[in-house]
Amino acid sequence: MLTFAKTRRGAPTPRPSQERIADFNEIAAPFEALRLHEQSERCAGCGVPFCQSGCPLDNDIPDWLSFAADGRTREAWDLSQATNTLPEICGRICPQDRLCEAKCVPGQAGFGAITIGAVETALSETAWTKGWITPIKPPVERKQSVAIIGAGPAGMAAAASLREAGMQVHIYERSDRPGGLLTYGIPAFKLEKEVVLRRTDWLGNSCVNFHLNCEIGKDISLAQLRRKHDAVLMAGGVYQARQLSVPGASDKILVPALDYLIGANRLGFGDNVPDYDSGRLNAKGKQVVVIGGGDTAMDCVRTAVRQKAKKVTCLYRRDEDNMPGSRKELQNAREEGVDFFWLAAPKSIHDNGKVPTEIRAIRMQLGTTQDDGRAAPQEIAGSAFALPADMIITALGFTPDDLPKAFAAPDLETTSWGSVAVGRGRYDTSLGRVYAAGDCVRGASLVVWAIRDGRDAAAQIIKDILHKEAAP
Ligand SMILES: Cc1cc2nc3c(=O)[nH]c(=O)nc-3n(C[C@H](O)[C@H](O)[C@H](O)COP(=O)(O)OP(=O)(O)OC[C@H]3O[C@@H](n4cnc5c(N)ncnc54)[C@H](O)[C@@H]3O)c2cc1C
Ligand code: SF4
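What you see is a predicted model, and the numbers here were worked out from it, not measured in a lab.

1. Some thoughts on the site of ligand 2
Surveying the vicinity of ligand 2 reveals 13 residues, the closest of which are Cys 55, Cys 94, Gln 96, Cys 100 and Glu 120. Looking at the shell around ligand 2, its residues break down into nine nonpolar, three polar and one charged.

Here it is in structure tokens:
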């Protein structure tokens, strides 16, 4: 029972930083069998599994850790995939330090949390290797069809649940590859693309129909989709980048984070990226400044390092304790040579047609706590300074797209901040037989929440369709 006190917490060993910045591959291999067993054994089997309540999917963590500790890997896997459609992805990229592992009792007692995410990844990789993951074969095929707008994690999770219930599933995706931000947003050094495409192939083999390069609102209207299918699930994410509004900020000088990351991911696929060739999305040899303190900012700084930037600095207006990004990503970025400029905010950008551009910034201090529980940054008078930059990347978050306009659906209700409005604990929108899930409802969030939404929205859709079928 007290193994957590005798055996040290162990995460998959990352490659040395100098080695890993030379490529875009993941920085650590999953646990092998011995470490999977050793680390699972550390679980204290607490009477109240707080780790489970820290997981948005309510994963039955203590039970699969117990099976894994006993060497019953197949049973551990069966339990872990029962509540999670994409466990090998969550295991890799969930910010466990804010979710399951944050609630781990041995962790809170100072012994180091059980490495839950790493065990989850290792179980899933074992399942893939051993051929335990096979296409979904529903007990009965139904005639009803569901359209899903968007092939990101919310759409993928919904598709899997709908197929399990025998529904015919059509995913409409505007991009040329499925996966949403898993494919084009998150860099390969956090999540190798084969891992994502293996899952989208699995959905394809489970008879999910992907319609790629097909944008709803442009190539096909929402009204057409509603006529063609028994239900429609909107799972298109959020893509409006927040702008930096200081004097001198312009599209010519600033590079939005997602443009930069999509460009880098496309290069990884071997695609042609003209903006990389022109230098706009290429950090090589440059002094790069990334503005922001979230996970997207961490992904940008680490991508710039791998593109062989001369110097990479992250500028963030709050301090380290108040940054929204994950601790493990901060540590990785530091190890890879990124400089952090905490408590500093840009005031103006000065482009005299010369390189480098100058960012004039000011130092900040943290004031009173706001409604969101975070301290408000305030400028320190007389503390202005200048920072040279050849490339400035803005990673200031995302706001919802104007979906009533994009979908020519003025009756689609949105919240006061623009996300799709759904009922409390429900997924139906103001349009009949149209549901919504993932970031387009929550705003920019996490993969694990998108999976949870997709899964639960599918459950509601199935219930509504079967209820209608049973109605006299
Ligand atoms: C750079 C970056 C790094 C991140 N890192 C992490 C991380 O480490 N861990 C984590 O948990 N979360 C991370 N996130 C957040 C996570 O990626 C999102 O919360 C999650 O992908 C949301 O899933 P989704 O399915 O709702 O939307 P998305 O993943 O955005 O997928 C939506 C899909 O819908 C498609 N689409 C949109 N509109 C249309 C339309 N009209 N017609 C057809 N298709 C359409 C889009 O092309 C896209 O493929 C990160 C986000 C970013 C931007
Ligand atoms: S899905 Fe994420 S939060 Fe849940 S157990 Fe896995 S790593 Fe932890």
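2. Looking at the domain arrangement of the protein chain
We note that the domain assignment places domain 1 (3–130), domain 2 (145–238 + 400–470) and domain 3 (241–394) within the protein chain. Each of domain 2 and domain 3 was reduced to a C-alpha centroid, and the two centroids are 31 Å apart. Of the residues lining the interface, 14 residues belong to domain 2; the matching set on domain 3 comes to twelve residues. When domain 2 packs against domain 3, close to 1100 Å² is buried across both sides, 58% of that on carbon and sulfur atoms. Among the residues of domain 2 in contact with domain 3, Tyr 184, Phe 189 and Lys 190 are the three that bury the most area, contributing 51% of the side total. Between Lys 190 and Asp 299 there is a salt bridge whose closest N-O contact spans 2.9 Å.

3. Remarks on helix 14 (residues 257–269)
Helix length check: helix 14 (13 residues) gives 19 Å between terminal C-alpha atoms against 18 Å at 1.5 Å per residue, within 8%. Among the residues of helix 14, Ala 257, Leu 258, Tyr 260, Leu 261, Gly 263, Ala 264 and Asn 265 are the ones counted as buried. Buried residues belonging to helix 14 abut helix 11 (181–184), helix 12 (193–205), strand 6 (254–256), helix 16 (295–306), strand 13 (391–394) and strand 14 (398–399). Where helix 14 terminates, the next one or two residues include Gly 270, which has phi positive at roughly 85°.

4. Things to note about the packing of helix 5 (residues 61–69) against helix 9 (residues 116–130)
Helix 9 packs onto helix 5 with a crossing angle of 60° between their chain directions and a minimal axis gap of 11 Å. It follows that helix 5 is oblique to helix 9 by the angle criterion. Handedness of the crossing formed by helix 5 with helix 9: left-handed. Residues Ile 61, Trp 64, Leu 65 and Ala 68 of helix 5 form the contact with helix 9, whose own contacting residues are Ile 116, Val 119, Glu 120 and Leu 123. In terms of residue class, the contact of helix 5 with helix 9 is built from seven nonpolar, no polar and one charged.

5. Focus: unusual backbone geometry
Positive phi values are uncommon outside glycine, yet Asp 58 reaches one of about 60°. Structurally, the position occupied by Asp 58 is in the loop between helix 4 (50–54) and helix 5. Look at Ala 408: it is not a glycine, yet its phi comes out positive at around 50°. With respect to the helices, strands and loops of the structure, Ala 408 is situated in the loop between helix 18 (403–406) and strand 15 (434–436). Taking relative accessible area as the criterion, Ala 408 reaches 66% and is therefore assigned exposed.

6. Re the sheet that holds strand 6
The strand order across the open sheet formed by five strands is 6-13-7-8-9, and the pairing between neighbours is parallel. With partners counted over all chains shown, the strands left at the sheet margins are strand 6 and strand 9 (339–341), one partner each. On average, adjacent strands in this sheet sit at an angle of 25° to one another, irrespective of strand direction. Note that strand 6 and strand 13 share three bridges and pair parallel. Among the inter-strand pairings, Val 255 is bridged to a residue of strand 13, identified as Ile 393.

7. Let's talk about the nonpolar core
By size, the foremost hydrophobic cluster in this structure holds 69 residues, and its most contacted members are Ile 148, Leu 162 and Leu 182. A total of nine residues in this core trace back to one element, the largest contributor, which is helix 20 (residues 447–470). Of the domains in this structure, domain 1 (3–130) and domain 2 (145–238 + 400–470) are the two that each give at least three residues to this core. In contact with Leu 162, not counting residues within four places along its chain, are Val 146, Ile 148, Met 167, Val 169, Ala 458, Ile 461 and Ile 462. Within the second largest apolar cluster, 29 residues are counted, among which are Ile 21, Val 301, Ala 333 and Val 338.

8. Some remarks on a nonpolar patch on the surface
Side chains of Val 48, Phe 50 and Val 105 sit close together on the surface and give an oily, nonpolar patch of about 240 Å² of accessible area. Mapped onto the secondary structure, Val 48 falls in the loop between helix 3 (33–40) and helix 4.

9. Comments concerning the site of ligand 1
Within the structure, ligand 1 sits among 33 residues, and Ile 93, Glu 173, Lys 190, Tyr 239 and Asp 439 are positioned closest to it. Measuring from an oxygen atom of ligand 1, one finds a side-chain N or O atom of Lys 190 at 2.8 Å. At a separation of 3.0 Å, a nitrogen atom of ligand 1 approaches a polar backbone atom of Ile 216. Contact with the protein chains removes 95% of the 1000 Å² of surface that ligand 1 exposes when unbound.

10. So, the sheet that holds strand 2 (residues 168–172)
An order of 3-2-1-4-15 is seen for the five strands of this open sheet, with the pairing classed as parallel. In the strand order of this sheet, the two ends are held by strand 3 (208–211) and strand 15, each with one partner. Shown here is a sheet whose adjacent strand axes are inclined to one another by a mean of 20°, direction ignored. Direction of pairing for strand 4 (residues 231–234) relative to strand 15: parallel, over a ladder of three bridges. Opposite Val 232, over in strand 15, you have Val 434 as the bridge partner. Contacts between helix 20 and the sheet are confined to strand 1 (145–149), strand 4 and strand 15, with strand 4 contributing the most and set at about 165° to the helix.

11. Comments concerning the pairing of strand 8 (residues 311–315)
Most of strand 8 sits out of view: four of its five residues are buried. Where strand 7 (residues 287–291) lies against strand 8, five bridges are found, and the strand directions are parallel. Within strand 8, the position partnered with Val 289 by the bridge is Thr 313. Alignment of strand 8 against strand 9, held across three bridges, turns out to be parallel. When the sheet's bridge partners are listed, Cys 314 is paired in strand 9 with Phe 340. In this region the chain leaves strand 8, passes through helix 17 (residues 327–335) and returns to the parallel neighbour strand 9; the handedness of that crossover is right-handed.

12. As for helix 20
Taking 1.5 Å as the rise per residue, helix 20 with 24 residues should run 34 Å; its terminal C-alpha atoms sit 35 Å apart, in good agreement. Buried residues of helix 20: Val 447, Val 448, Ala 450, Ile 451, Asp 453, Gly 454, Ala 457, Ala 458, Gln 460, Ile 461, Ile 462 and Ile 465, and no others.

How each quantity is defined
Residues numbered from 1 in each chain as written. Chains lettered and ligands numbered in written order. Predicted model: local features only at pLDDT ≥ 70, side-chain atom pairs only at ≥ 80, totals over all residues. Heavy atoms only, no water. Near = heavy atom within 4 Å. Nonpolar A, V, L, I, M, F, W, Y, C, P; charged D, E, K, R; others polar. Domains from an automatic or database assignment. Contact = heavy atoms within 4.5 Å. Buried area = accessible area lost by both parts, 1.4 Å probe. Salt bridge = Lys/Arg side-chain N within 4 Å of Asp/Glu carboxyl O. Helix = DSSP H or I, 4+ residues; strand = E, 2+ residues; numbered from the N terminus. Expected span 1.5 Å × (residues − 1). Buried < 20%, exposed > 50% of the residue type's maximum accessible area, 1.4 Å probe, protein only. Axes fitted to C-alpha atoms, helices over the stretch in contact; angles between N-to-C directions. Parallel < 35°, antiparallel > 145°, perpendicular 65-115°, else oblique. Left-handed = near helix turned anticlockwise from the far one by under 90°. Pairing = 2+ DSSP bridges. Core = buried A, V, L, I, M, F, W, Y, C linked by side-chain atoms within 4.5 Å. Patch = residues over 30% accessible without salt bridge, like charges linked within 9 Å, V, L, I, M, F, W, Y side chains within 5 Å. Areas by Shrake-Rupley, 256 points an atom, 1.4 Å probe, with all protein chains shown as cover. Polar contact = N/O pair within 3.5 Å; in protein donor to acceptor, adjacent residues only side chain to side chain. Right-handed = clockwise from strand over helix to strand, strands pointing away.

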